Amino acid sequence: MTLERVAQDGLVLLGCGKMGTALLTGWLAAGVPPASVWVIEPNPTDWLKGCGVHLNQGVPKAPAVALLAVKPQMMGAALPALQALGNGKTLFVSIAAGTTIATFEDVLGTRTPIVRTMPNTPAMVGRGITALCRNAHVTDADFALAHALMAAVGQVVTLTGEDQIDAVTAVSGSGPAYVFHLIETMAAAGEAEGLPADVAMQLARATVCGAGELAFQSPETAAQLRINVTSPGGTTAAALGVLMDPETGFPALLRRAVKAAADRGRELGQ
């Protein structure tokens, strides 16, 4: 088992907010012993205090992995605590948006093995998806370990290069917010058609969650699932006539939204 290296040599988790907590929960459930985990977190929750990990007790000399889960704006202040582990055998895995591999190499040393990842918040319910890329110092065994760590909270995809990470951020990293906004706007539209607000929200929420689960479980493509719901000349077709309009519908709107997020990611990385 890939995670045996973590049990043996230890893992350092720098930052344990919502995403760090989701990951740690997944690792403990996958059998990583709490005694093999060192967490650095200035504002620990009661759960974190009680889960048996080493909390704010420094770091081991040569852990298998150091996972960086602090917000990008806190990274500059937090990273020096782990500088001594750079240029060694410790694998660094970052889940911070906008912080490039080159930035980590500047602080930790150019020979440091670094995997950069982009997870998303459905990791909190074990249904995340994480994209990974690496620098030249990451061995295949290291990369497999990073994969296994992120697979504890959902699906994993491998990128051919770091240049793809801003697009991933824009699609799956920020994407849950687009879906939550879809729920909000569907509910508001239902209300405008005469439904009580609470009923409209329950309908919108359950519909989006149910359709997502159907897409998750079904072997059919998203396009085919859409076609399955659409009777020619029916109510769904009328709505899709609006939503699928190439100029004013989802195609143009989402292309603009995803591009805006990707452009912002590139700005943050500079």
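Reading guide: rules and limits
- Every chain begins its residue count from 1, and numbering advances along the sequence as written.
- Totals for whole chains, interfaces and linings use all residues, but because this is a predicted model, local features are given only for residues with pLDDT of at least 70 and pairs of side-chain atoms are given and counted only at 80 or more.
- Hydrogens and waters are ignored; side-chain quantities use all the structure's heavy atoms.
- A helix here means a DSSP run of H or I that spans at least four residues, while a strand means a run of E at least two residues long, and both kinds are numbered starting from the N terminus.
- When a residue's accessible area, from a 1.4 Å probe over protein chains only, is under 20% of the maximum for its type it is buried; when over 50% it is exposed; and in between it is partly exposed.
- The term polar contact refers here to a pair of N or O atoms within 3.5 Å; inside protein, the definition further demands a hydrogen-donor-capable atom paired with an acceptor-capable atom, and it admits residues adjacent in sequence only when both atoms are side-chain atoms.
- Method remark: on a 1 Å grid restricted to protein atoms, a set of points is classed as a cavity if a 1.4 Å probe fits but cannot get out and as a pocket if it is open with protein on both sides within 12 Å along at least five of seven lines; lining residues have an atom within 4 Å of a point.
- Grid points are joined across faces, edges and corners, and a volume is the space filled by probe spheres set on the points.
- Three categories are distinguished: nonpolar for Ala, Val, Leu, Ile, Met, Phe, Trp, Tyr, Cys and Pro, charged for Asp, Glu, Lys and Arg, and polar for the others, with Gly belonging to the last.
- Two strands make a pair as long as DSSP finds a minimum of two bridges between them.
- Contacts are assigned to residue pairs with any non-hydrogen atoms lying within 4.5 Å of each other.
- Working convention: axes come from line fits to C-alpha atoms, limited for helices to the stretch in contact. Angles between N-to-C directions cover 0 to 180 degrees.
- Note on terminology: a nonpolar core comprises buried Ala, Val, Leu, Ile, Met, Phe, Trp, Tyr and Cys residues joined through side-chain atoms within 4.5 Å.
- For Phe, Tyr and Trp, where Trp contributes only its six-membered ring, two rings pair if their centres lie within 6.5 Å, and the inter-plane angle classes them as stacked under 30 degrees, edge-to-face over 60, or tilted in between.
- Lysine NZ or arginine CZ positioned within 6 Å of the ring centre and within 35 degrees of the ring normal marks a charge as sitting over the ring.
- Each angle receives one of four descriptions, namely roughly parallel if under 35 degrees, roughly antiparallel if over 145, roughly perpendicular if within 65 to 115, and oblique otherwise.
- With the far helix as reference, a near helix turned anticlockwise by less than a right angle produces a left-handed crossing, and one turned clockwise produces a right-handed crossing.

Caption draft 1: Broad picture of the environment of Thr230. With respect to the secondary-structure elements, Thr230 resides in the loop between α10 (222–229) and α11 (235–243). The class of Thr230 is partly exposed, set by a relative accessible area of 23%. Linking Thr230 and Leu240, residues ten residues apart in sequence, is a C-alpha distance of 8.7 Å. Polar side-chain contacts of Thr230 include one of 2.7 Å to the backbone oxygen of Arg226.

Caption draft 2: Structural view of the layout of surface pockets. Approximately 960 Å³ is the volume attributed to the second largest pocket. Of all the secondary structure elements, the ones that give two or more residues to the lining of the second largest pocket are α2 (18–29), α4 (72–78), β6 (114–118), α7 (165–173), α8 (175–192) and α12 (250–268). Among the elements that make up the lining of the second largest pocket, the one with the highest residue count is α4 (five residues). Among the residues making up the lining of the second largest pocket, the classes are represented as 22 nonpolar, ten polar and six charged.

Caption draft 3: How the structure looks around the sheet that holds β6. In spatial order, the strands read β3-β2-β1-β4-β5-β6-β7-β8; together these eight strands make up an open sheet with mixed pairing. Each end of this open sheet is capped by a strand with a single partner; those strands are β3 (54–55) and β8 (154–158). In terms of strand pairing, β6 meets strand β7 (residues 128–134) through four bridges, oriented antiparallel. The partner of Val115 across the bridge, within β7, is Arg134. Along the sheet face, helix α5 (residues 101–108) touches β4 (65–68), β5 (91–94), β6 and β7 and points at about 140 degrees away from the line of β6.

Caption draft 4: Expanded view of the environment of Ala167. Turning to its location among the elements, Ala167 is positioned in helix α7. Between the alpha carbons of Ala167 and Phe180 there is a distance of 20 Å; along the sequence they are 13 residues apart.

Caption draft 5: Representation of the nonpolar core. Judged by nonpolar contacts, the single largest core of 34 residues is most densely connected at Leu13, Leu24, Trp27, Val39, Val65 and Leu67. Those elements that provide at least two residues to this core are β1 (11–14), α2, β2 (37–40), β4, β5 and α6 (140–151). For Trp27, the residues in contact, after removing those within four places along its chain, are Leu11, Leu13, Val32, Leu67, Leu149 and Ala152. Counting residues in hydrophobic clusters, the runner-up holds 23 residues, among them Val12, Leu68, Val70 and Met118.

Caption draft 6: Structural context of the packing of aromatic side chains. According to the stated counting rule, one finds zero aromatic pairs in the structure shown. A cation sits over an aromatic face here: Arg127 above Phe216, 3.7 Å from the ring centre. Over the aromatic face of Phe143 sits the side chain of Arg134, whose NZ or CZ is 4.3 Å from the ring centroid.

Caption draft 7: Main features of the packing of α7 against α12. Two elements in contact, α7 and α12, have axes separated by 8 Å at closest approach and are oriented at 135 degrees. One element, α7, and the other, α12, form an angle in the oblique class. Judged by the sense of rotation from one axis to the other, the crossing of α7 with α12 is right-handed. Here α7 contributes Asp166, Ala167, Ala170 and Val171 to the contact with α12, which in turn contributes Val258, Ala261, Ala262, Gly265 and Arg266. When grouped by side-chain class, the residues that make up the contact of α7 with α12 number six nonpolar, one polar and two charged.

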